[in-house]
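# Architecture at a glance
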Amino acid sequence: MKLTINTFLGMGLMLLAFACSPDEPGPIGEPANKVEQINGTWEITRVIQVDIPAEQKGFPSIARTKDITDALPGMSYSGATFTFDANGTTPASFEIDKKNSPLQLPASGTWAFNDPEYPSAVVLTSNGTEQVLEIASFAEVEAGGIVFELVRSAPERGPYVRYEYYLNRVSE
């Protein structure tokens, strides 16, 4: 009788062990080509200005962030466009049509990612000067949106303001 119980117990443990084994993951597919994802024309829909020292001190949102999209009379960031061109899967040129915005970025030049395999920023180069736009996330690119962040700093006080540019894809 003891042998029968031990046999059933052993079989039960074996079934439990096989039932709990992990499933084999399915194929993930090829990684998305970041150059192809960003290639095309993007239009600014909103610009947020963030006071970095206020953010670091934990001030409430109302005291540290401001939507400045249409803050200046007669000027608006809305409608300004970024166009990124590529040669196949290699970054090439960029053009920024500022329209009537106070955008302080170069109008044209070449662009590249800071890291081709795992990019976290777009580097705009114009007349030997580089401007780095941090990429907040690639998660929304497939849905037609991207957020760039630009941090301004001063030698005597360090980073003091961050601009968050929200863009929607206009064309590929």
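As a reminder, the structure under discussion sits directly above these lines.
For the structure given in this document, a descriptive report is provided here.

This part covers the overall build of the protein chain. Looking only at helices and strands, the protein chain has 4 helices and 9 strands in total. N-terminal to C-terminal, the α/β element order of the protein chain is α-α-β-α-α-β-β-β-β-β-β-β-β. Looking at the protein chain as a whole, 31% of its 172 residues are labelled buried. If you take every contact in the protein chain between residues at least 6 apart in sequence, the share linking residues at least 24 apart comes to 46%. As presented, the protein chain carries roughly 11100 Å² of accessible surface, and 54% of it is formed by carbon and sulfur atoms.

This brings us to unusual backbone geometry. The phi dihedral of Lys-99 falls on the positive side, at around 55 degrees, and the residue is not glycine. Turning to its location among the elements, Lys-99 is positioned in the loop between β4 (90-97) and β5 (108-113). Although it is not a glycine, Asn-127 adopts a positive phi angle of roughly 50 degrees. Tracing the sequence through the fold places Asn-127 in the loop between β6 (121-126) and β7 (129-137).

In this fold, Glu-130 is placed in strand β7. Taking C-alpha positions, Glu-130 is 9.8 Å from Gly-109, a pair spaced 21 residues apart along the chain. Here Glu-130 is in contact with Val-123, Leu-124 and Thr-125, once residues within four sequence places are set aside.

Okay, the pairing of strand β8 (residues 145-154) next. For β8, a buried count of 7 out of 10 residues is recorded, marking the element as mostly surrounded by other parts of the structure. Relative to β8, β7 runs antiparallel, the two sharing 3 bridges. Residue pairing for β8: Ser-137 is matched across the bridge by Val-147. With 10 bridges joining them, β8 and strand β9 (residues 158-171) adopt antiparallel strand pairing. Directly across from Glu-149, in β9, lies its bridge partner Glu-164. Between the end of β8 and the start of β9, which pair antiparallel, lie 3 residues.

Let's shift gears to the nonpolar core. Ranked by internal contacts, the top residues of the largest apolar core, which has 29 residues, are Phe-82, Phe-84, Phe-148 and Tyr-165. When residues of this core are assigned to their parent elements, the largest contribution, 4 residues, is made by β9. In this structure Phe-148 touches Ile-38, Phe-82, Phe-84, Val-122, Leu-133, Glu-134, Ile-135, Tyr-163, Glu-164, Tyr-165 and Leu-167, once residues within four positions along its chain are discounted.

Here the focus is the packing of aromatic side chains. Going through the model one piece at a time under the given rule, you end up with 7 aromatic pairs. Centre to centre, the rings of Phe-82 and Phe-84 are 6.3 Å apart; their planes meet at 35 degrees, and the pair counts as tilted. Across the pair, Phe-84 and Phe-82 agree in class, each one buried. With a centroid separation of 5.3 Å and an interplanar angle of 70 degrees, the aromatic rings of Phe-84 and Trp-111 are classed as edge-to-face. With Phe-84 in strand β3 (residues 81-87) and Trp-111 in strand β5, this residue pair connects regions lying 27 residues apart in the sequence. The same class applies to Phe-84 and to Trp-111, which are both buried. Here the guanidinium or amino end of Arg-46 rests over the ring plane of Tyr-166, the centre of that ring lying 4.2 Å away.

Basis of the calculations
Residues numbered from 1 in each chain as written. Predicted model: local features only at pLDDT ≥ 70, side-chain atom pairs only at ≥ 80, totals over all residues. Heavy atoms only, no water. Helix = DSSP H or I, 4+ residues; strand = E, 2+ residues; numbered from the N terminus. Buried < 20%, exposed > 50% of the residue type's maximum accessible area, 1.4 Å probe, protein only. Contact = heavy atoms within 4.5 Å. Areas by Shrake-Rupley, 256 points an atom, 1.4 Å probe, with all protein chains shown as cover. Pairing = 2+ DSSP bridges. Core = buried A, V, L, I, M, F, W, Y, C linked by side-chain atoms within 4.5 Å. Phe/Tyr/Trp six-rings, centres within 6.5 Å; stacked < 30°, edge-to-face > 60°. Lys NZ or Arg CZ within 6 Å of the ring centre and 35° of its normal.

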